[in-house]
Amino acid sequence: MRLAFATLAVAMALAVPAGAEQTVGAQAGNFRLTDMNGRNVELSQFRGKTVVLEWNNPGCPFVQKHYNSGNMQKTQAAARADGVVWLTINSGAPGKQGYMTGAEAQAFVKKTKATPTDYLLDPKGVVGKGYGAKTTPHIYIIDGSGKLVYQGGIDDKPTSDVGDIAGARNHVLAALGELKAGKPVSVAETRPYGCSVKYAD
Amino acid sequence: MRLVSFVLMTLAAWLAIPAIAQTPGQRHIAIDLVAETDRPAAGGEVTLAFVSRPEAGWHGYWKNPGDAGVETEAHWTLPAGVTVGPIQYPVPHRLLIAGLMNYVYEGPFTQFVTLKLPAGLAAGMRLPIGVKLDYLVCTEEICVPESATLATALTVGDGAIPPKRRAEFDGWRRALPKPLGSPASFAIDGGTFRLGVPFPAGAPAKDVYFFPLTDGAIDYAAPQKVSREGDLLVVETKAKAGGPPAVEGVLATGEGQGFSVRATPGAVAAPQQAMAWGAALAAFAGAVLGGLILNVMPCVFPILSLKALSLARSGGEGARGEALAYTAGVVLMCVALGAILLALRAGGATVGWAFQLQDPRVIFVLLLLVTAIAFNLAGLFELSAPGMANRLAASGKGGAFATGALAAFVATPCAGPFMATALAAALVLPWWGALTVFAGLGLGLALPFLAIGFIPALRRRLPKPGPWMETLRRILAVPMFLTALALAWVLGQEAGVSGMTIGLAAAALLAAGLWWTGLRQAKGRALAWLPGTVAVVAALTGVAMITRAPAQAAAEVAGTEPFSETRLAQLRAEGRPVFAYFTADWCLTCKVNEKAVIETAAVRDALAKGKVAVLVGDWTDGDPALGRFIEAHNRAGVPLYLWYGRGGSQPEVLPQVLTQAMLIERAGG
């Protein structure tokens, strides 16, 4: 029971100004959120490692496209295998589509066989708005020095059709590959697509 | 208990998700595929419409969906050789949900595509058309991607469009954005995106909003500030990082109207609210200079010369006081006139400086006033009769103040040509800036008096008072009479011959009364002012009889008639040359051409002499029938100028920038 209450604890945000978007090439705003297990997680604790932020709403058909097909899990696994930290963030407000408690998030991760480093809860939308997260999925990549190197969609096929995954350019894997090779990210900003993040009004 | 409710809630949450998933066959947007004609001609085109009706509470998306969402995609199955254009979208609405901007359709909407048929298809050939539309439909809470598989079968035929179908399509087409014609420009300046769209000052626009098609130019959710300055409509909003080479979008101007806009980088002046102090100061300096020049205008000079001499007469302290009182009178009158002008402008009336002279009743009163002053200067009567003199002497400052106010009031008709620039600036400045300019005008007008009042040396250099002053006074009566004459002429312009007659009769009556007063003054009679006062009151009643003459505007467009294809055909059959032009209230190029070329006397005369019929097609509301006619002449929109010469079967398409010579030459030939 303590766990359930802990997961309902209000998310805390540090240093992320509300409503301000992040700029590619600039330092990404730091934040602290409660994870699905009720622990506090701060972005700055991953300094030195590449971090991927993935905005999530399990009710969104575009998110379902990438989870039901296993594409998101594959991308996560490939990233984790290279030592990349993967944070899935849910900015859905209570009562809105996709909102989950910690226990629900645990069940979601287990059921989808997802392997994020952690699943973070942002029911007040503070971090989501601070990053300018507009859609689910919406991806951000932060390099080891804390600089934002990519923001946008997961790939270049803005549809909900699973069949489009095969022919799409996976922007996340491409960017991570370039980072690993010490090259600059060639496609650093794309238009994210999907459902709108269900923020609190 | 807690545990149970927690489990139940969890279960409910999980159950809710599949519940909103799409049920096959039940879509949230019902779409019909309708062809404008089922029998398109080989080598021709046919427009297809996706007539869409979202379920209550659901919305579909525009081409640029905004912060989230996706664009509609069409996958076509077409017979060989048939090609299809991009989807055309009607003007969208905006829907802001929790800080995210969505560009949507919440009610029925219709998208269009154009099919092109290859030439050489055999008549009667069947053309099966199939399309799978992928689109997103959302409520404020959830989103569902939907697919609709639609089909229709066309038969190669004559391309005739049934009237009922055409009327239906025309109704839907009205929601499409219209091509604005004039190029727009945009500037990005310190995080602010500023779009300047040429849009005539007189064209109505409300709830103006710029829907960008180009992604990454502006922050969709940021509020847009709209201002109109003359013929420029400026939209200001937050820019996104990076500068696109061009920005496309739709400018919505209320009531479902919208214009497609393409803007390239260029200078867009910040709205005047943020106008630099430097410009305001320049306008102020110009106004002071202009006011100074006004002193030598025939309508002002006589009043001022006399005041100057009276100032010279009074020495020292008195002169300063009078100069200040005079200045106060001038400046206050200028500012008051300016304030009224600004209030009228804010109220929507189109007025310029000397607006008070647009009302014939004001002219009438001015005519009487100037007549009285002229007769006074001519010596018909005296304001300095014994009793009066004492009172005026006692109220020297009051008199100076009144003189100043009067001078400013009558100076305005002279102001125009000299003050055009400063006054134009005043009319676009914020109110405080405009009032400063008006005050500057007054200050300039009063400057010589301030100088005489405050610089004794200057006063000393003025000629000594003496009998010559009486002579000068008589001479100065001449420009005053000329001013009266000019006012009578203006009155005639505004109120017609009868209005001018009433004015002159009232002036004559006034003159008679004042003359009688003068006679009594000369004889030193008591109540010398009685006849004059009675005359003033009687003359002023003439105001009630002054009415504005019928507007001349109707005559300006006389000789034109509304465009219709039947009327055009009829005129052509008669063998008359026809000049057909297509215009819209929102088309700046059209308005400029009309004012500078078509509606000028020279062109009107030439057209009348050449017996040229003039047909005007007004496309302000985007009438699709006119639109088709315009399109048939390879133009996407207005302006379009067509010249049908005598005999020639094909019209000549004139350039979008007309010259008077072009029309006069053709009318003469």
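None of the values given here were measured: they were computed from a predicted structure. (Residues numbered from 1 in each chain as written. Chains lettered and ligands numbered in written order. Predicted model: local features only at pLDDT ≥ 70, side-chain atom pairs only at ≥ 80, totals over all residues. Heavy atoms only, no water.)

What follows concerns the state of the cysteines. Residues and elements named next belong to chain A. For the coordinates displayed, the defined rule picks out three disulfides over all chains. Disulfide pairing is shown between Cys-60 and Cys-195; the S-S distance is 2.2 Å. Its S-S torsion of approximately 90 degrees makes the covalent link between Cys-60 and Cys-195 right-handed. In this pair, Cys-60 is assigned in the loop between strand 3 (51-55) and helix 2 (61-68) and Cys-195 in strand 9 (residues 195-196), connecting sequence segments 135 residues apart. Residue Cys-195 is classed as buried on the basis of its relative accessible area of 0%. (Disulfide = S-S within 2.5 Å. Helix = DSSP H or I, 4+ residues; strand = E, 2+ residues; numbered from the N terminus. Buried < 20%, exposed > 50% of the residue type's maximum accessible area, 1.4 Å probe, protein only.)

Looking now at the sheet that holds strand 1 (residues 29-35) of chain B. All names here are of chain B. Strand order in the open sheet made by the four strands is 1-2-8-5, with antiparallel pairing throughout. Because the sheet does not close on itself, it has two edges, and the strands there are strand 1 and strand 5 (83-84). Pairing of strand 5 with strand 8 (residues 109-116) involves two bridges; the strand directions are antiparallel. When the bridges of strand 8 are listed, Thr-83 appears paired with Lys-116. Contacts from helix 2 (residues 163-173) reach strand 1, strand 2 (45-54) and strand 8 within the one sheet, and its direction differs from that of strand 2 by about 65 degrees. (Pairing = 2+ DSSP bridges. Contact = heavy atoms within 4.5 Å. Axes fitted to C-alpha atoms, helices over the stretch in contact; angles between N-to-C directions.)

Residue and element names in this part refer to chain B. Considering all chains together, one arrives at 28 aromatic pairs over all chains under this definition. Between Trp-62 and Tyr-103 the ring centres are 6.0 Å apart and the planes differ by 80 degrees, which places this aromatic pair in the edge-to-face class. Note that Trp-62 is positioned in strand 3 (residues 59-66) and Tyr-103 in strand 7 (residues 100-105), a separation of 41 residues in sequence. The exposure class of Tyr-103 is buried, given its relative accessible area of 0%. Geometrically, the ring pair formed by Phe-375 and Phe-481 is edge-to-face, given 5.1 Å between the ring centres and 80 degrees between the ring planes. On the criterion of sequence distance, the pair formed by Phe-375 in helix 6 (residues 360-378) and Phe-481 in helix 11 (residues 468-522) is long-range, its members being 106 residues apart. (Phe/Tyr/Trp six-rings, centres within 6.5 Å; stacked < 30°, edge-to-face > 60°.)

As a further point, take the nonpolar core. Within the largest apolar cluster, 95 residues are counted, with the highest numbers of intra-cluster contacts made by B:Leu133, B:Phe579, B:Phe582, B:Trp586, B:Val638, B:Leu658 and B:Leu663. Sorting elements by how many residues they give to this core places strand 9 (residues 126-138) of chain B first, with six residues. Of all hydrophobic cores here, the second largest spans 59 residues; its members include A:Tyr67, A:Trp86, A:Met100 and A:Val127. (Core = buried A, V, L, I, M, F, W, Y, C linked by side-chain atoms within 4.5 Å.)

Residue and element names in this part refer to chain B. All chains considered together, the criterion is met by 24 salt bridges over all chains. Between Lys-63 and Glu-71 there is a salt bridge, and its shortest N-O distance comes to 2.9 Å. On the accessibility criterion, Lys-63 (33% relative accessible area) is partly exposed. Of the residues examined, Glu-71 reaches a relative accessible area of 35% and is grouped as partly exposed. Of the charged contacts, one joins Lys-132 and Asp-134 as a salt bridge, the two residues approaching to 3.2 Å between their closest N and O atoms. Taken together, the salt bridges that share partners define one network made up of Glu-36, Arg-166, Asp-170, Arg-173 and Arg-628. (Salt bridge = Lys/Arg side-chain N within 4 Å of Asp/Glu carboxyl O.)

What follows concerns unusual backbone geometry. Residues A:Thr136 and A:Pro137 are joined by a peptide bond in cis, for which omega reads -5 degrees. As for its placement among the helices and strands, A:Pro137 is situated in the loop between strand 6 (135-136) and strand 7 (139-142). A positive phi angle is found at A:Lys113, which is not glycine, with a value near 55 degrees. Here A:Lys113 lies in the loop between helix 4 (102-112) and strand 5 (118-121). Given the relative accessible area of 66%, A:Lys113 is considered exposed. A positive phi is found at B:Lys611, a non-glycine position, where the angle reads about 55 degrees.

Together, B:Leu289, B:Leu292, B:Ile293, B:Val296 and B:Leu447 make up an exposed nonpolar region whose accessible area comes to about 410 Å². A relative accessible area of 33% means that B:Ile293 is categorised as partly exposed. (Patch = residues over 30% accessible without salt bridge, like charges linked within 9 Å, V, L, I, M, F, W, Y side chains within 5 Å. Areas by Shrake-Rupley, 256 points an atom, 1.4 Å probe, with all protein chains shown as cover.)

So, about the sheet that holds strand 22 (residues 640-644) of chain B. By way of backbone hydrogen bonds, the strands of a sheet pair with one another, either parallel or antiparallel. Residues and elements named next belong to chain B. If you trace the five strands from one edge of the open sheet to the other, you get 19-21-20-22-23, paired in mixed fashion. Because the sheet does not close on itself, it has two edges, and the strands there are strand 19 (560-562) and strand 23 (652-654). Adjacent strand axes in the sheet meet at a mean angle of 25 degrees when their direction is disregarded. Direction of pairing for strand 19 relative to strand 21 (residues 613-618): parallel, over a ladder of three bridges. Along strand 21, the bridge assignment pairs Glu-561 with Leu-615.

Okay, empty space enclosed by the protein next. Residues and elements named next belong to chain B. In this structure the tally under the stated criterion is four cavities of 30 Å³ or more. There is about 60 Å³ of room inside the largest cavity. Ile-29, Ile-31, Ser-52, Gly-60, Tyr-61, Thr-72, Phe-109, Gln-111, Tyr-135 and Leu-136 are the residues that line the largest cavity. For the lining of the largest cavity, the secondary-structure elements that each account for two or more residues are strand 1, strand 3, strand 8 and strand 9. By volume, the second largest cavity amounts to about 40 Å³. When the residues that make up the lining of the second largest cavity are grouped by side-chain class, the tally is two nonpolar, eight polar and one charged. (1 Å grid on protein atoms, 1.4 Å probe; cavity = no way out; pocket = protein on both sides within 12 Å on 5 of 7 lines; lining within 4 Å. Points joined across faces, edges and corners; volume = space filled by probe spheres on them. Nonpolar A, V, L, I, M, F, W, Y, C, P; charged D, E, K, R; others polar.)

Moving on, we get to the pairing of strand 9 of chain B. Residue and element names in this part refer to chain B. Most of strand 9 is tucked away: 10 of the 13 residues are buried. Pairing between strand 3 and strand 9: two bridges, direction antiparallel. If you follow His-59 over to strand 9, its bridge partner there is Cys-138. Here strand 4 (residues 73-77) runs beside strand 9; their pairing, made up of five bridges, is antiparallel. The residue of strand 9 that forms the bridge with Thr-77 is Gly-130.

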